Amino acid sequence: MRITNPERRRGQRAGKLQEKALEKLGSREDTADFLERIRKEKPRYGADQMRAIVTTLETYEGMDAIGKALDYCIEQALYSAGDFRMAVEYFAQTDRPEPEKSAKAPVPGKYRCLRPLVRSMEEYIQAAEG
């Protein structure tokens, strides 16, 4: 009995997927070296690696995170599609602007009528001493 993964299309060759990834990344010289190094280090899984990179590029298309992740992977010598995907996800999260925080959090209606009790420090000193 043969077990197959429906996402894995056996007909696609690593070379064609590498060309597609290179086209989506922009034809920089270091990009071509990066993709070639992945194929050399993982020859048995070259097509799977290239497919994962293409999927990541399609998911995060047009974001600055892709270029930052590529530069990071090259600097750190991370030659894996999984490492590239995680780097893209990280840079995509850090590029998002943080939501503005209001100075005061709104108080729920049932607590608006309550007022804090002011006590003297002597009561706290006595409670701490036992």
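Computed from a predicted model, the values in this text were never measured in an experiment. (Residues numbered from 1 in each chain as written. Predicted model: local features only at pLDDT ≥ 70, side-chain atom pairs only at ≥ 80, totals over all residues. Heavy atoms only, no water.)

(A) Region of the structure containing the overall build of the protein. Secondary structure assignment for the protein yields six helices and zero strands. Walking the protein from its N terminus toward its C terminus, one meets helices and strands in the order α-α-α-α-α-α. Counting the 130 residues in the protein, one finds 24% classified as buried. The long-range fraction of contacts in the protein, counting pairs at least 24 apart against all pairs at least 6 apart in sequence, stands at 64%. (Helix = DSSP H or I, 4+ residues; strand = E, 2+ residues; numbered from the N terminus. Buried < 20%, exposed > 50% of the residue type's maximum accessible area, 1.4 Å probe, protein only. Contact = heavy atoms within 4.5 Å.)

(B) Geometry of the pattern of salt bridges. Applying the stated criterion across every chain, the model contains four salt bridges. A salt bridge links glutamate 58 to lysine 20; its shortest N-O distance comes to 3.7 Å. With glutamate 58 in helix H3 (residues 46-59) and lysine 20 in helix H1 (residues 14-25), the pair connects residues that are 38 residues apart, well separated along the chain. Two residues, arginine 85 and glutamate 89, come together in a salt bridge whose shortest N-O distance is 3.3 Å. Residue arginine 85 and its partner glutamate 89 are located together in helix H5 (residues 81-95), separated by four residues, close to a single helical turn. (Salt bridge = Lys/Arg side-chain N within 4 Å of Asp/Glu carboxyl O.)

(C) Representation of the nonpolar core. If you look at the biggest cluster of nonpolar residues, it comprises 23 residues, and the most contacted ones within it are Phe34, Ile53 and Phe84. Of all the secondary-structure elements, those providing two or more residues to this core are H1, helix H2 (29-41), H3, helix H4 (64-76) and H5. Top contributing element to this core by residue count: H5, with six residues. In contact with isoleucine 53, not counting residues within four places along its chain, are Ala21, Leu35, Ile38, Ala81 and Phe84. (Core = buried A, V, L, I, M, F, W, Y, C linked by side-chain atoms within 4.5 Å.)

(D) Up close: helix H6 (residues 121-129). The buried fraction of H6 is low, at zero of nine residues. Following H6 by one or two positions, glycine 130 adopts a phi angle in the positive range, close to 110 degrees.

(E) Layout of H5. The terminal C-alpha atoms of H5, which comprises 15 residues, lie 21 Å apart, in line with the 21 Å expected from a rise of 1.5 Å per residue. Summarising the contacts, the buried residues of H5 are in contact with H1, H2, H3 and H4. The backbone nitrogen of glycine 82 has a side-chain oxygen 3.2 Å away, supplied by the residue at the start of H5, namely serine 80. (Expected span 1.5 Å × (residues − 1). Polar contact = N/O pair within 3.5 Å; in protein donor to acceptor, adjacent residues only side chain to side chain.)

(F) Molecular detail of the packing of H2 against H4. Relative to each other, H2 and H4 sit at 60 degrees, their axes nearing to 11 Å. Here H2 runs over H4; the crossing is left-handed. On the side of H2, the interface is formed by Asp30, Thr31 and Phe34, while H4 contributes Leu70, Asp71, Cys73 and Ile74. In terms of residue class, the contact of H2 with H4 is built from four nonpolar, one polar and two charged. (Axes fitted to C-alpha atoms, helices over the stretch in contact; angles between N-to-C directions. Left-handed = near helix turned anticlockwise from the far one by under 90°. Nonpolar A, V, L, I, M, F, W, Y, C, P; charged D, E, K, R; others polar.)

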